[in-house]
Amino acid sequence: MSFASLIAHSKRYGSDPSYVLLGGGNTSYKEGNILYVKASGHALGTIDESGFVKMDLRKLENIWGKQYSNDDEQREDEVLKDMMDCRLEGETARPSVEALLHALLPFPYVIHLHPAMVNGLTCAQEGEKAVARLFPEALWIELVKPGFILADIVRSRMADQKKETGTVSSLIFLQNHGIFAGGQSLEEIESLYNSLMGKISSQLVRKPDFSSLEADSSRVESVKKELGGLTKEPVLFSWNKEFAHYLQDENHFQAVASSFTPDHIVYAGFKPLWVEEGQDVVSAFKQYEAEHGVSPKIVCIQNLGVFSLGEKPMPLFLDTVSIAVYTESFGGPRFMDDAMIDFIRNWEVEKYRSSVASK
């Protein structure tokens, strides 16, 4: 096993949309005192050696002896500076915000992914109960601010678990985020993922059906032209059985009307624009901009279809819909709360990821 093996496995997971999309997820490998961890903004599917940062594990451990500000923005700036100082000499890339968490986990290999099926649990009303039942050895981490706060809470929970059981779980479920899996080998982690995906699949009452449906082509082209006058991005369109289900009325739409995870905010915007049948699209678009200070990236028009402003938002909205379907098996959807959505929208780390994602 080696760093080269990590790169190969990272590409394999990153190329499978059932595990992760675009720049989401991250991976790491520990060798002696060195942590190889994914650099922020890089996509696992196309990653190579330049997409990783080499960091000093001893210096990362020293971060836990420091005191940081209680102010969110100032604290994260302070932690970022210290993390950058933990890079080995000559390293220039910015480490993943979750590098601290990777360093904490007592496994040579760590693979953090965002499978929609797993997030059917982590983004569900009864997700915590389901994880306790299906994966009693795993850690569940409630919705907390990402970055230093998340790593600090995981550190504390692992210490408690080690004290109580003598071991640390190789699986950590993060509410409204995804999952971390650690192992002594990449084959061990692969086996963990295969097992957990199979176990979750066996509990599902239904799976997403994205079979294409015929749309009103003249109306679609008219809306594309209208939206094209409001953006420099290409306007994409999709209409399928799941979209028809969620776009039949505003009540059904509520199950996909907000953000399940940070990735949805970064790539697809913090919420889609809902346009009722017969409502003026341009007026609705401009009202959204006036209310929220940003343009929508996804426009959902009742009984017509979904329009994506750019190529990247559509896969994440499909992911949102997939997660909503999977949550039906675990009590229904649970979005990030408004406070967390606002934190993510204004967090410098995610603004950085968004800037990288737009290139």
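Here the structure is shown first, and the text comes after it.
Residues numbered from 1 in each chain as written. Predicted model: local features only at pLDDT ≥ 70, side-chain atom pairs only at ≥ 80, totals over all residues. Heavy atoms only, no water.

Caption draft 1: The pairing of strand E1 (residues 26–31), seen in detail. For E1, a buried count of five out of six residues is recorded, marking the element as mostly surrounded by other parts of the structure. Pairing of E1 with strand E2 (residues 34–38), which is carried by four bridges, proceeds in the antiparallel orientation. Its bridge partner being in E2, Tyr29 is matched across the sheet by Tyr36. In this structure, the hairpin formed by E1 and E2 is closed by a connection of two residues, where Gly32 is found at a positive phi of approximately 65°. (Buried < 20%, exposed > 50% of the residue type's maximum accessible area, 1.4 Å probe, protein only. Helix = DSSP H or I, 4+ residues; strand = E, 2+ residues; numbered from the N terminus. Pairing = 2+ DSSP bridges.)

Caption draft 2: Quick peek at the nonpolar core. Phe135, Leu171, Phe173, Tyr193, Leu196 and Ile200 are the most contacted members of the largest nonpolar core, which has 65 residues in total. For this core, the element with the highest residue contribution is helix H14 (residues 313–327), accounting for eight residues. The next biggest cluster of nonpolar side chains, apart from the first, holds 31 residues, and it includes Leu60, Val144, Phe148 and Phe180. (Core = buried A, V, L, I, M, F, W, Y, C linked by side-chain atoms within 4.5 Å.)

Caption draft 3: Expanded view of helix H1 (residues 3–14). With twelve residues, H1 should cover 16 Å at 1.5 Å per step; its first-to-last C-alpha distance of 16 Å lies within 8% of that length. The secondary structure elements touched by the buried residues of H1 are E1, E2, strand E3 (52–56), strand E4 (109–113) and helix H8 (186–201). (Expected span 1.5 Å × (residues − 1). Contact = heavy atoms within 4.5 Å.)

Caption draft 4: Representation of the pattern of salt bridges. The final tally for this structure, using the stated rule, is eleven salt bridges. Of the charged contacts, one joins Glu190 and Arg12 as a salt bridge, the two residues approaching to 3.6 Å between their closest N and O atoms. Of the two residues, Glu190 sits in helix H8 while Arg12 sits in helix H1, which places them 178 residues apart along the sequence. Taking relative accessible area as the criterion, Glu190 reaches 28% and is therefore assigned partly exposed. Residue classification places Arg12 among the partly exposed positions, given a relative accessible area of 38%. Salt-bridge contacts for Asp85 lead to Lys81; the nearest nitrogen and oxygen are separated by 3.4 Å. Residue Asp85 and its partner Lys81 are located together in helix H3 (residues 72–85), separated by four residues, close to a single helical turn. For Lys81, a relative accessible area of 54% translates into the label exposed. Each of Asp72, Arg75, Glu76 and Lys145 takes part in a single network of salt bridges with overlapping partners. (Salt bridge = Lys/Arg side-chain N within 4 Å of Asp/Glu carboxyl O.)

Nothing here speaks to function; it is geometry throughout.
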